[in-house]
Amino acid sequence: MALNPFEMAKKQIDIVAEEMDLDPNILPFLKRIERSLIVSIPIMMDDGTIKIFEGYRVHHSTIRGPGKGGLRYSLGVNLDEVKALAIWMTWKTSLLNLPLGGAKGGVCVDPFKLSKNELERLTRRFTAEIINIIGPDIDIPAPDVNTNPQIMAWIMDTYSMQKGRTITGVVTGKPVEIGGSVGRANATGMGLYFVLQAMVEKLSLDLKSLKIVIQGFGNVGGSIADLLYKHGCKVIALSDISTGIYYEDGLDIEKLLAWAKQGNLLKDYKNDKYKLIDNDELLTLKCDVLIPAAIENQITEKNAEKIDCKIVLEGANGPTTPEADKILNKKEIYVVPDILANSGGVCVSYFEYVQDINSYFWKLDRINEELKRIIIEAFEETYKISEEKHISLRTAAYIIAVSRIAKAIELRGIFP
Ligand code: GLU
């Protein structure tokens, strides 16, 4: 049985609380969820039948600002998963020192089984159901697994129609034509790249000579693969939902991306040199950098012993369980934690939100420059604490994030 992600998120809090001697009065605050909304979403399907889906929006913490976090459409979505993802968003925004909290949402649905019209109706009805707990100064959703700029555009439109005026700042990850930010689509990949560069430098390695394995070929996996390839790095294995593919001399990412862009799966890609491998083989391949960029619970106590790399760079949220973390630490593998590694997405979401509120838009150079500055600052701070205290990068990142939340709780006090 895979570990329940909410239990896993709470376990991670316990680990850091012990490490930093946290005030026992603060601990329950970190583990509790501010509010969870479960909604039913009835949809008229194209064939005239009615289907009912379940959706969720969870605010873990708004102590440092409005809730922030993505919305995912997947059959794996349930309340506990969304709660865990919301908790991880709190740490992520805090680690980057953004004036935002942590939230997440999702709908339990297989979006690939819906027509475009059904997907639009689902999105609009879901938005209407959660309308009272989202808004530019309440909670700002964004894309996540299986959601995209078009879906964000429908959310923005539905919200605006209900409020009687255009409110672009209700959601981030929108198309640039309607208040989106340049650079947002590739921001998570860009952040991963900056962090990997910095990590590789600390270890005195040469990025171009490293063998890289990526699990996932969606927005995150695809964009980091693209960036690495364009910078002359070697991705030796890659996977999507259908299969993994492996080629020791390095995959042709440009061709694979073009293939995936047309809606094709990797299992149907024809290249005699490429070997098909399963998920377990992919994760345990001998390489230098392993980038899990799919979903949570991928590196567990079952396969952690067999992981054979120098750096794990967490593109996904929660890909490594606490038990696996212990094993990887013992093996002296550097795990660059999700809340740092993949925080480029929410960082540029924050820029988008700021641009929307100010009605003044930045050029790509400024986006990438400020992203690099913020993410590298968080990386350096995390790395320093991890070296000084001889603790993992994850625990170090959590210490920074949790300290900021604890300070905010202390300063604001308890109402009434
Ligand atoms: N879904 C992304 C994440 O997990 C982005 C969230 C956002 O931009 O608000 O970090």
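Everything quoted here is computed from the prediction, not taken from an experiment. (Residues numbered from 1 in each chain as written. Predicted model: local features only at pLDDT ≥ 70, side-chain atom pairs only at ≥ 80, totals over all residues. Heavy atoms only, no water.)

Caption draft 1: Seen up close, the packing of helix H6 (residues 187-202) against helix H12 (residues 344-358). Relative to each other, H6 and H12 sit at 125°, their axes nearing to 7 Å. Between H6 and H12, the crossing angle belongs to the class labelled oblique. As H6 packs across H12, the resulting crossing turns out to be right-handed. For the pair H6 and H12, contact is made by Ala-187, Thr-188 and Gly-191 and by Gly-344, Gly-345 and Val-348, respectively. Considering only residue class, the contact of H6 with H12 consists of 2 nonpolar, 4 polar and no charged. (Axes fitted to C-alpha atoms, helices over the stretch in contact; angles between N-to-C directions. Helix = DSSP H or I, 4+ residues; strand = E, 2+ residues; numbered from the N terminus. Parallel < 35°, antiparallel > 145°, perpendicular 65-115°, else oblique. Left-handed = near helix turned anticlockwise from the far one by under 90°. Contact = heavy atoms within 4.5 Å. Nonpolar A, V, L, I, M, F, W, Y, C, P; charged D, E, K, R; others polar.)

Caption draft 2: Molecular detail of the site of the ligand. In the vicinity of the ligand, 14 residues are found, and the nearest of them are Lys-68, Lys-92, Pro-143, Asp-144 and Ser-349. The separation between a nitrogen atom of the ligand and a polar main-chain atom of Pro-143 is 2.9 Å. Measuring from an oxygen atom of the ligand, one finds a side-chain N or O atom of Arg-184 at 3.1 Å. Summarising the interface, the protein chains cover 94% of the accessible area of the ligand, which totals 290 Å² for the free molecule. Among the secondary structure elements, those contributing two or more residues to the shell around the ligand are strand S3 (67-73), helix H3 (79-95), strand S5 (139-143) and H12. (Near = heavy atom within 4 Å. Polar contact = N/O pair within 3.5 Å; in protein donor to acceptor, adjacent residues only side chain to side chain. Areas by Shrake-Rupley, 256 points an atom, 1.4 Å probe, with all protein chains shown as cover.)

Caption draft 3: Focus on the sheet that holds strand S1 (residues 35-44). With mixed pairing, 5 strands are arranged side by side in an open sheet as S1-S2-S4-S3-S5. On the outer flanks of this sheet lie S1 and S5, each paired with one strand and no other. Averaged over all pairs of adjacent strands, the angle between strand axes in this sheet comes to 20°, irrespective of strand direction. In the sheet, S3 pairs with S5 via 5 bridges, with the strands oriented parallel. Bridging from a neighbouring strand, Gly-69 pairs with Pro-141 of S5. (Pairing = 2+ DSSP bridges.)

Caption draft 4: Local environment of a nonpolar patch on the surface. The grouping of Met-44, Ile-50 and Ile-52 at the surface amounts to a nonpolar patch, some 330 Å² of accessible area in total. Position of Ile-52 relative to the elements: it lies in strand S2 (residues 50-61). (Patch = residues over 30% accessible without salt bridge, like charges linked within 9 Å, V, L, I, M, F, W, Y side chains within 5 Å. Salt bridge = Lys/Arg side-chain N within 4 Å of Asp/Glu carboxyl O.)

Caption draft 5: Fine view of the nonpolar core. Formed by 93 residues in total, the largest nonpolar core has its most connected members in Trp-91, Ile-214 and Leu-228. With 11 residues, the single largest contributor to this core is helix H14 (residues 393-412). In contact with Leu-228, not counting residues within four places along its chain, are Tyr-193, Leu-196, Ile-212, Ile-214, Cys-233, Val-235 and Ile-291. Grouped together as the second largest cluster of nonpolar side chains are 26 residues, Leu-119, Phe-126, Ile-151 and Met-156 included. (Core = buried A, V, L, I, M, F, W, Y, C linked by side-chain atoms within 4.5 Å. Buried < 20%, exposed > 50% of the residue type's maximum accessible area, 1.4 Å probe, protein only.)

Caption draft 6: Molecular detail of the side chain of Thr-147. With respect to the helices and strands, Thr-147 occurs in the loop between S5 and helix H5 (149-163). Polar contacts involving the side chain of Thr-147 include one to the main-chain amide nitrogen of Asp-144, which spans 2.7 Å. Look past the residues within four positions of Thr-147 in its chain and what remains in contact with it is Leu-71, Arg-72, Tyr-73, Ala-142 and Met-152.

Caption draft 7: Region of interest: H5. With 15 residues, H5 extends 21 Å from end C-alpha to end C-alpha; this agrees with the ideal 21 Å at 1.5 Å per step. All of the buried residues along H5 are Ile-151, Met-152, Ala-153, Trp-154, Ile-155, Met-156, Thr-158, Tyr-159 and Ser-160. Where the residues of H5 are buried, they touch S3, helix H4 (116-129) and S5. Between the side-chain oxygen at the start of H5 and the backbone nitrogen of Gln-150 there is a gap of 3.1 Å, and the oxygen is on Asn-148. In the stretch just after H5, Gly-164 is the one whose phi turns positive, near 85°. (Expected span 1.5 Å × (residues − 1).)

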